[in-house]
Amino acid sequence: MNETVYRNFYVGSKIISGRYALETLSFELLQQNARRPLCLIPETEKAAAGTIRKALKSTVTVIGAVLICGRDESDLPEKIAEVYREQNCDSLIAVAEASLMYAVKSARLKLSAGKTAAEIGRTAAASEITELPPQQVVPLFAVAVPSVEATYYPHELNLGEKRILSPALFANTVFVDPRITKKASARKEWRKPAAAALMTAVWALSDMQSHPAARACALSAIGQVCEALTARSRAEQTRLVCNAQIFSKTALINSRPFPAVELLPLIQVSEEVRIGILKTVFEKELTGLSFGYADLTQAVLTLCGTGSFDNSSPQTVKNSFTNAVSALLEKLFPGKPAAGSVIWKQTAEALPSSYLNDTDLKNECLAFLQSQIGE
Amino acid sequence: MKILKKEIHPGKKRIKNFYVSVMLWFVGRALQAVSKIDPEVRKEIADLPENCLIGMSVYPFGEPGQKAPAMFVRKTGVDRFRFEGRKAPADKPDFLITFKNIDTAMLVLTFREKTTEAQAYARFTADGPLAIACTFVRILNRTEIYLLPKPIALCAVRRYDSPKHKHSNRIRLYVRTVLGF
C-alpha cells in the first residue's frame, strides 16, 4: 500500500445485520435524538409492524404512527410528510422495497426544504437540504439487488429528469434483520447476486492500492459468499449474500486511490476541481477495467449536470452518450474544442470492445468522437 | 395509503427484565463477595482509582421516568468492592457498561455469548477509561469462573484459568453472595 496516497474512507449508512439487529433500533434512534418514529410499511408486509413493535419493547421509543403504503401512489411523499407533522414524529422507519425507499427520501426532502423533490433542482439540492429527519431502513429483500442497492446508494434520488445528489440522503441506519429481510428468491436466483458480489469483491481486492479496510471488506464478502454456498437454509443464504453484497460494494467504492466515479456525486467540490478529477479519470481509469460504458455515460452526465440518461435501448444509450460528450467538451474546453483532442483520442483508443457489445453502436460512437476531435 | 395505528406504546418484556434484574443483582453481590475471597481479584481492585464506581445497566436506564435493570459496585478501602444496589448513586459512575437492549443483555447473561464476543458485536457501550474496562472484565471473568460450572463458564469467558482452591472458594462465594456479606 502506498502510504502517501490520500484517502477518505466513508460509508454513509451504519449497517446492522443479523440476529437481534432490529432490537438496537431504539438505541440507534436515541443516538439521533429521535424517540417518536413514523413507521412506513408496504401494504404487502403488514406483519412487519408487529415485528418492529416487538423489537421496540422495553424501550423509550413510542411509534408515532404506522402507515401502510401502496405501491403506486403518486403523492405518497406529500402524504407521508403530512402524517409526520400531524403525529409530531421525529424520525422515519421504512420497511422498504425500492419504490418506497424513493418515496421516503422524497418525503425527507419535503420535510427538510419544504419542497417536493421534483421542485428542487439538482444544482440547488446541496444547499437546500438542511436538516433531514433521521431515517432507518429495514430492507425487505436481501437478494433482490435493487432493494439492497437502494438502501446502500440512497444519496441519489432520480425523478425523471431531475436528480438530487447529496450524502445527506443516506439512510442513517440500515437494519438487515432476518425476521423481515428474508424474502429469498428462488435458489437459482440467489446465485446471481452472489456471483456479482464475488466479482465485485475480487475486483476491489485486485487493486493493489486499496485501503486496508476496503481489502478487509472484500475478503469478508468472499467469505460470506463461500458460507452461503454451504448454508443449510435459504434464509441463511439470503442473509449471507445480502451481507456479501454490502461488503463488496463498500470495498469497491473505497478501494480506489483517487475518487471513483461512483463517489463523485458525493464530493462537494468546485466545478474546476471536478473537471480535474474527470481528466484524471479519463487519462488513468479508462485504460483499466474500471467501469462499463453505461456507467461512463452516467458519470459524464453527472459531472456535466445536463442531459438525461436512458438505457432502455442501444439507440437511446447512444443518444445519451452523444449528448453527454457534447456537453462535456463544452465544459472542459469552452470555445476550444480542439484542445480536447488528446484526451478524446486516448479515450477512443482505450475504449475496449467489451464496453460495447453492439459493434455498430461502438463504431458510431467512435465516429462521433472522431468528428468532435476534428480529425 | 392508510394509517394502521396511531401512537403505539410497545410495552414491556417483563420476564426478560426480571431475569436480567436478578442476574445483575446476583453478579453485584458476587463481585462484593469475590473481593473478599480471591487474592488475584483483590490485586486487580487495588489498581483501580480511589472510590471508583462501576456499573452495569440496560438501556433505557437513566432515561427520565424509565425503569431498567442495573447494578453498581464501588471500590472501598484498598482492595474491596461494595455492592451499591440497583439504583443509580448520586455521583456519576467512573465506568458504566450499558447493554443496548434487554435481548442482548439476555444473550450475555444467559451465557450464550461471551463478554468479549458481545463487545466485538457492539452489543453494549462502555463509558469510561479503557484501563478500568480491562480490569473490570478480568474481575468479571474470574467471578464467572467461580460462579459457574466449567462447561457453562467456558461459554462465558474467553480463557478459563482455574483458580487455586476453586471448589472451596466457590462454596464461600455462594454463601457470601446469598447472605450479602
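The rules behind each value
- Residues numbered from 1 in each chain as written.
- Chains lettered and ligands numbered in written order.
- Predicted model: local features only at pLDDT ≥ 70, side-chain atom pairs only at ≥ 80, totals over all residues.
- Heavy atoms only, no water.
- Phe/Tyr/Trp six-rings, centres within 6.5 Å; stacked < 30°, edge-to-face > 60°.
- Buried < 20%, exposed > 50% of the residue type's maximum accessible area, 1.4 Å probe, protein only.
- Helix = DSSP H or I, 4+ residues; strand = E, 2+ residues; numbered from the N terminus.
- Contact = heavy atoms within 4.5 Å.
- Polar contact = N/O pair within 3.5 Å; in protein donor to acceptor, adjacent residues only side chain to side chain.
- Core = buried A, V, L, I, M, F, W, Y, C linked by side-chain atoms within 4.5 Å.
- Salt bridge = Lys/Arg side-chain N within 4 Å of Asp/Glu carboxyl O.
- Expected span 1.5 Å × (residues − 1).
- Arc of directions from axis to C-beta.
- Buried area = accessible area lost by both parts, 1.4 Å probe.
- Nonpolar A, V, L, I, M, F, W, Y, C, P; charged D, E, K, R; others polar.
- Pairing = 2+ DSSP bridges.
- Axes fitted to C-alpha atoms, helices over the stretch in contact; angles between N-to-C directions.
- 1 Å grid on protein atoms, 1.4 Å probe; cavity = no way out; pocket = protein on both sides within 12 Å on 5 of 7 lines; lining within 4 Å.
- Points joined across faces, edges and corners; volume = space filled by probe spheres on them.
- Domains from an automatic or database assignment.
- Parallel < 35°, antiparallel > 145°, perpendicular 65-115°, else oblique.
- Patch = residues over 30% accessible without salt bridge, like charges linked within 9 Å, V, L, I, M, F, W, Y side chains within 5 Å.
- Areas by Shrake-Rupley, 256 points an atom, 1.4 Å probe, with all protein chains shown as cover.

**Student:** So, the packing of aromatic side chains: which residues are in play, and what are the values?
**Tutor:** All names here are of chain B. Enumeration over the complete set of coordinates arrives at six aromatic pairs over all chains. Judged by centre distance (6.5 Å) and plane angle (50°), the ring pair of W25 and F26 falls under tilted. Take W25: its relative accessible area is 29%, and that puts it in the partly exposed class. A ring pair is formed by F26 and Y174, whose centres lie 6.1 Å apart and whose planes are at 45°; its orientation type is tilted. With a gap of 148 residues between them, F26 in helix 1 (residues 14–37) and Y174 in helix 7 (residues 166–179) connect regions that are remote in the sequence. In this structure Y174 comes out as partly exposed when scored by relative accessible area, which is 32%. Taken together, W25, F26 and Y174 form an aromatic cluster joined through their ring pairs.

**Student:** Which residues make up helix 3 (residues 102–109) of chain B, and what values go with them?
**Tutor:** All names here are of chain B. Within helix 3, eight of the eight residues are buried, which leaves it mostly tucked inside the rest of the structure. Every buried residue of helix 3 is accounted for by I102, D103, T104, A105, M106, L107, V108 and L109. Packing partners of the buried residues in helix 3 comprise helix 1, strand 2 (53–58), strand 5 (95–99) and helix 4 (115–120). At the N-terminal end of helix 3, a side-chain oxygen is found 3.2 Å from the backbone nitrogen of D103, two or three residues along, and the residue is N101.

**Student:** Go over the nonpolar core with me, naming the residues and quoting the values.
**Tutor:** One finds L31, I54, M71 and F136 of chain B to be the most contacted residues of the largest nonpolar core, which totals 45 residues. The leading source of residues in this core is helix 1 of chain B, at nine residues. Core analysis: the next-biggest nonpolar cluster, separate from the first, contains 26 residues, Y84, C89, A96 and A103 of chain A among them.

**Student:** Describe in detail the pattern of salt bridges, supporting the description with residues and values.
**Tutor:** Taken as a whole and assessed by the stated rule, the structure comprises 15 salt bridges over all chains. The partner of R179 of chain A in a salt bridge is D177 of chain A, and the shortest N-O contact between them spans 2.9 Å. For D177 of chain A, a relative accessible area of 1% puts it in the buried group. One salt bridge in this structure joins R159 of chain B and D161 of chain B, with 3.5 Å as the shortest N-O distance.

**Student:** Lay out helix 7 of chain B in plain terms, naming residues and giving numbers.
**Tutor:** Residues and elements named next belong to chain B. Spanning 14 residues, helix 7 covers 20 Å between terminal C-alpha atoms, matching the ideal 20 Å at 1.5 Å per step. Listed in full, the buried residues belonging to helix 7 are K166, N169, R170, L173, R176 and T177. Down the axis of helix 7, the sector holding all buried residues measures 135°, keeping them to one side. Those residues of helix 7 that are exposed and angled more than 90 degrees off the buried face are H167, I171, V178 and L179. Of the surrounding elements, those touching the buried residues of helix 7 are helix 1 and helix 5 (130–147). Just downstream of helix 7, G180 is the residue with a positive phi angle, here 75°.

**Student:** Explain the environment of A197 of chain A residue by residue, including any values.
**Tutor:** Inspection of the secondary structure puts A197 of chain A in helix 7 (residues 187–206). Dropping the residues within four chain positions of it, A197 of chain A is found in contact with V225, A244, Q245 and S248 of chain A.

**Student:** Pulling in residues and values, what's your account of the interface of chain B and chain A?
**Tutor:** The partner chain A presents 34 residues to the 27 residues of chain B that form the contact. When chain B packs against chain A, close to 2900 Å² is buried across both sides, 57% of that on carbon and sulfur atoms. Our count for the contact surface shared by chain B and chain A stands at one salt bridge. With a closest N to O distance of 3.8 Å, K13 of chain B and E23 of chain A form a salt bridge. Linking chain B with chain A are five residue pairs in polar contact (both at pLDDT 80 or more). Mapped by element, the contributors of at least two residues to the side of chain B that touches chain A are strand 1 (2–8) and helix 3 of chain B. The greatest single-element share of the side of chain B that touches chain A, amounting to seven residues, is contributed by strand 1 of chain B. Here the residues of the side of chain B that touches chain A sort into nine nonpolar, six polar and twelve charged.

**Student:** Give a detailed account of the sheet that holds strand 6 (residues 124–127) of chain B, specifying residues and quantitative values.
**Tutor:** Residues and elements named next belong to chain B. The strand order across the open sheet built from five strands is 4-3-2-5-6, with neighbouring strands paired in mixed fashion. Only two strands of the sheet have a single partner each, and these edge strands are strand 4 (80–85) and strand 6. Strand-to-strand twist of the sheet, defined as the mean angle between neighbouring strand axes without regard to direction, takes the value 15°. For strand 2 and strand 5, the ladder comprises five bridges, and the chain directions are parallel. Directly across from G55, in strand 5, lies its bridge partner L96. Seen against the sheet, helix 1 touches strand 2, strand 3 (70–76) and strand 4 and runs at an angle of roughly 155° to strand 4.

**Student:** Describe the layout of surface pockets, and please don't skip the residues or the numbers.
**Tutor:** All names here are of chain A. Roughly 840 Å³ of internal volume is contained in the second largest pocket. Every residue lining the second largest pocket is counted, 31 residues in all, and those nearest its centre are I15, I16, S17, G18 and N243. Sort the elements by how many residues they give to the lining of the second largest pocket and helix 9 (residues 234–253) lands first, with eight residues. Grouping the amino acids of the lining of the second largest pocket by side-chain chemistry returns 15 nonpolar, seven polar and nine charged. Taken domain by domain, the makeup of the lining of the second largest pocket includes at least three residues from each of domain 1 (14–176) and domain 2 (187–253).

**Student:** Mind laying out the packing of helix 1 of chain B against helix 5 of chain B, listing which residues take part and the relevant values?
**Tutor:** All names here are of chain B. It is at 10 Å that the axes of helix 1 and helix 5 come closest, and there the two elements cross at 95°. As judged from the angle between their axes, helix 1 and helix 5 are roughly perpendicular. On helix 5, the residues touching F26, V27, A30, L31 and V34 of helix 1 are F136, I139, L140, T143, Y146 and L147. Classifying every residue of the contact of helix 1 with helix 5 gives ten nonpolar, one polar and no charged.

**Student:** Account for a nonpolar patch on the surface, with residues named and values stated.
**Tutor:** Residue and element names in this part refer to chain B. On the surface, a cluster of nonpolar side chains totalling about 480 Å² of accessible area is made up of I171, V175, V178, L179 and F181. Of note, F181 is situated in the segment after helix 7. Here F181 falls in the partly exposed class, since its relative accessible area comes to 40%.

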